[in-house]
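As a plain string of letters, each chain reads:
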Amino acid sequence: RINVPDAFLTADAVLHLAMYLAKGLRVYPARVQRELMEHLAFAATENILTEAVKSGRERTAVYNAIQGHTNEVRERLINDPDAQNDLLKRLTQDSDIGLSKKQIDDIVGDGRQYVGRASEQVDRYLREVVKPVRERYPGALSIEPEVEV
């Protein structure tokens, strides 16, 4: 019996903290795009492998080349804060892969083919979950959360 009120107070405190943190969130589209392009090379390796094999390359050799380059680039990115992701450049220069820069750029594209149904799912979630809650509680966004430590 004593734990139930404490649980509600804890939940209330957690929600206030979440509101406080969420209120300060900002989205920087240019930064999001830069991060996407930075990591897109890793997501595209399966499609690069497939295209290289379609063009007549031996699958095991292509796989090993891609794996070697991805491991080296990943380690460098982890250990050197100033490192740049040069995975796509490495792959275009590898004779085992045998694809031109243009071919690899076409495979990678702008990244939209790697997000699946994410944008549709977000739109649906906003429409079916968030919008009804905002309509039901129109003043909720004006609440100033209080956080005391």
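Here's what I pulled together on the structure shown here. In this text, all values refer to a predicted model and were calculated from it rather than measured experimentally.

## So, the packing of helix 3 (residues 45–54) against helix 4 (residues 59–79)
Thinking step 1. Closest axis-to-axis distance for the helix 3/helix 4 pair is 9 Å, and the angle between their directions is 150°. By the criterion of interaxial angle, the relationship of helix 3 to helix 4 is roughly antiparallel. Relative to helix 4, the crossing made by helix 3 is right-handed. Contacts between helix 3 and helix 4 involve Thr 45, Ile 48, Leu 49, Ala 52 and Val 53 on the former and, on the latter, Arg 59, Val 62, Tyr 63, Ile 66 and Thr 70.

## Details of the nonpolar core
Thinking step 1. Judged by nonpolar contacts, the single largest core of 17 residues is most densely connected at Ile 48, Val 62, Ile 66, Leu 91, Ile 97, Leu 99 and Ile 104.
Thinking step 2. For this core, the element with the highest residue contribution is helix 4, accounting for four residues.
Thinking step 3. Beyond its immediate stretch of four places on either side in the chain, Leu 99 contacts Ile 48, Glu 51, Ala 52, Ser 55, Thr 92, Ile 104 and Ile 107.

Conventions we followed
Residues numbered from 1 in each chain as written. Predicted model: local features only at pLDDT ≥ 70, side-chain atom pairs only at ≥ 80, totals over all residues. Heavy atoms only, no water. Axes fitted to C-alpha atoms, helices over the stretch in contact; angles between N-to-C directions. Helix = DSSP H or I, 4+ residues; strand = E, 2+ residues; numbered from the N terminus. Parallel < 35°, antiparallel > 145°, perpendicular 65-115°, else oblique. Left-handed = near helix turned anticlockwise from the far one by under 90°. Contact = heavy atoms within 4.5 Å. Core = buried A, V, L, I, M, F, W, Y, C linked by side-chain atoms within 4.5 Å. Buried < 20%, exposed > 50% of the residue type's maximum accessible area, 1.4 Å probe, protein only.

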